Amino acid sequence: LDSGVPKEASSFVTILLHRYKIKQFTMKAAIRKSTFGGVTLFSKTQPEPNFSPSKNSNEVLVKVKSAAINPVDYKLPRFVIGPVFGLDFSGIVEEIGDNVTNFKVGDAVYGHAHGSLAEKAVSSANKIAKKTDDLTFSEAAALPVAYVTALQGLRLGKVTEGSSVLIIGASGGCGIAAIQLAKAMGAKRIIAICSGKNSQLVKETGATEVVDYTNESELQSFFATNKESIQCVYDAATGSGHGEKYTNASMSLLLKDVGEYVQLNGSAKVWTKGVVLKKLPKHQHLILTDMNTADLEEVSLLLKKINAKPLMNIMPFTEEGLKEGFDLLKSRRAKGKIVFDI
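Residues numbered from 1 in each chain as written. Predicted model: local features only at pLDDT ≥ 70, side-chain atom pairs only at ≥ 80, totals over all residues. Heavy atoms only, no water.

**Q** Give me the overall build of the protein: which residues, what numbers.
**A** Across its full length, the protein carries 12 helices and 15 strands. Taken over C-alpha atoms, the radius of gyration comes to 22 Å for the protein, in line with the 20 Å a tight globule of 342 residues would show. In terms of its C-alpha atoms, the protein occupies a principal-axis envelope of roughly 80 × 40 × 40 Å. The 342 residues of the protein split such that 51% are buried. (Helix = DSSP H or I, 4+ residues; strand = E, 2+ residues; numbered from the N terminus. Rg over C-alpha atoms; globule rule 2.2 N^0.38 Å. Buried < 20%, exposed > 50% of the residue type's maximum accessible area, 1.4 Å probe, protein only.)

**Q** Now, about the side chain of Ser-164: what can you tell me, with residues and values included?
**A** Relative to the helices and strands, Ser-164 is located in strand S8 (residues 164–168). Note on Ser-164: relative accessible area 11%, which makes it buried. Among the polar contacts listed, one links the side chain of Ser-164 to the backbone nitrogen of Gln-231, at a separation of 3.0 Å. Those residues in contact with Ser-164, other than ones at most four positions away along the chain, are Arg-189, Ser-229, Ile-230, Gln-231 and Cys-232. (Polar contact = N/O pair within 3.5 Å; in protein donor to acceptor, adjacent residues only side chain to side chain. Contact = heavy atoms within 4.5 Å.)

**Q** How would you sum up the pattern of salt bridges? Please name residues and give values.
**A** For the coordinates displayed, the defined rule picks out 11 salt bridges. With a closest N to O distance of 3.6 Å, Asp-73 and Arg-32 form a salt bridge. Within this pair, whereas Asp-73 is found in helix H2 (residues 72–75), its partner Arg-32 is found in strand S1 (residues 26–32), the two being separated by 41 residues in sequence. Given a relative accessible area of 0%, Arg-32 falls into the buried group. Its salt-bridge partner being Glu-48, residue Lys-120 comes within 3.6 Å of it at the nearest N-O pair. Highlighted residues: Lys-120 in strand S6 (residues 120–124) and Glu-48 in the loop between strand S2 (40–47) and strand S3 (59–69), separated in sequence by 72 residues. Assessed through its relative accessible area of 17%, Lys-120 is described here as buried. Put simply, Glu-48, Glu-94 and Lys-120 are held in one network by salt bridges that share partners. (Salt bridge = Lys/Arg side-chain N within 4 Å of Asp/Glu carboxyl O.)

**Q** Explain unusual backbone geometry to me, using residue names and the numbers behind them.
**A** Glycine aside, residues mostly have negative phi, and peptide bonds are mostly found in the trans state. Notably, Asp-257 is not glycine yet its phi reads approximately 75°, a positive angle. Within the element layout of this structure, Asp-257 appears in the loop between helix H9 (247–251) and strand S12 (260–263). Its relative accessible area of 60% is what places Asp-257 among the exposed residues. Even without a glycine there, the phi angle at Arg-332 is positive, about 60°. Locating Arg-332 in the fold gives a position in the loop between helix H12 (319–331) and strand S15 (337–341).

This is the structure in structure tokens:
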């Protein structure tokens, strides 16, 4: 079998392809080089996804136009989340599964796909939505994880017309999403906790008040003077990896008997209590995003309602662009979402 095979042909599949002159289609992709996912490799020779309308009967194959990254991309290991980075994307449907009836070849879509940071990706048809004309592909790619999580979190927080909402970690991708959606849902008081240098940014996004977490006296004064006054605390900072702990202080801010605290991250203990044992204290929630077509569509409608667009840092899909984008994401100083134009 190895007669005439180049030395670099290291896998059985590669040997067969060479031997029988079968063309293997490849693509550009961002690859998890290490087992634990933290090292990024820009590849121009990643095999395209295998797609069969019968085997992938409830899925679609998409030519990716833009893709966004999230902290989960570098925090979860390769064996959990796969070899290719990315969950958020927008693109054009190239093939559909036999059971897919709500999308057709040529549709512009956005949503969730494991391995979206590549030229092609496969997605479940129930985790994508049609892109509306008012959104660019870059804007659409910025929406899925951050905005659907925010929408579902604010629902858990029972945010309605006239509500008071506190958003912690307000200038990041998830925080900006929560501010915009809270405004669209009719919240009257939207308090943003972020660095003072981002005060103007979050006000322009929709915050009515800003608390500078770098000013300890200002932060402590806010918590001391706002007891039992907040309907929903949306916490995108606690448990995110740099020692932030807002849970106990936040619980004291909730309106008595009706206020809700929603956190995006937490310690291993919190994840065990919240996800495995289902025994978090009353009015405390740890959100697990349920990506679905209806909520993707709802996000788009809410943003259109207030004439808002996602805040983005757009990067080129190159080796240098990937490094810059992931370095910015890991620095936790990104304002809004990091999006790559594929």
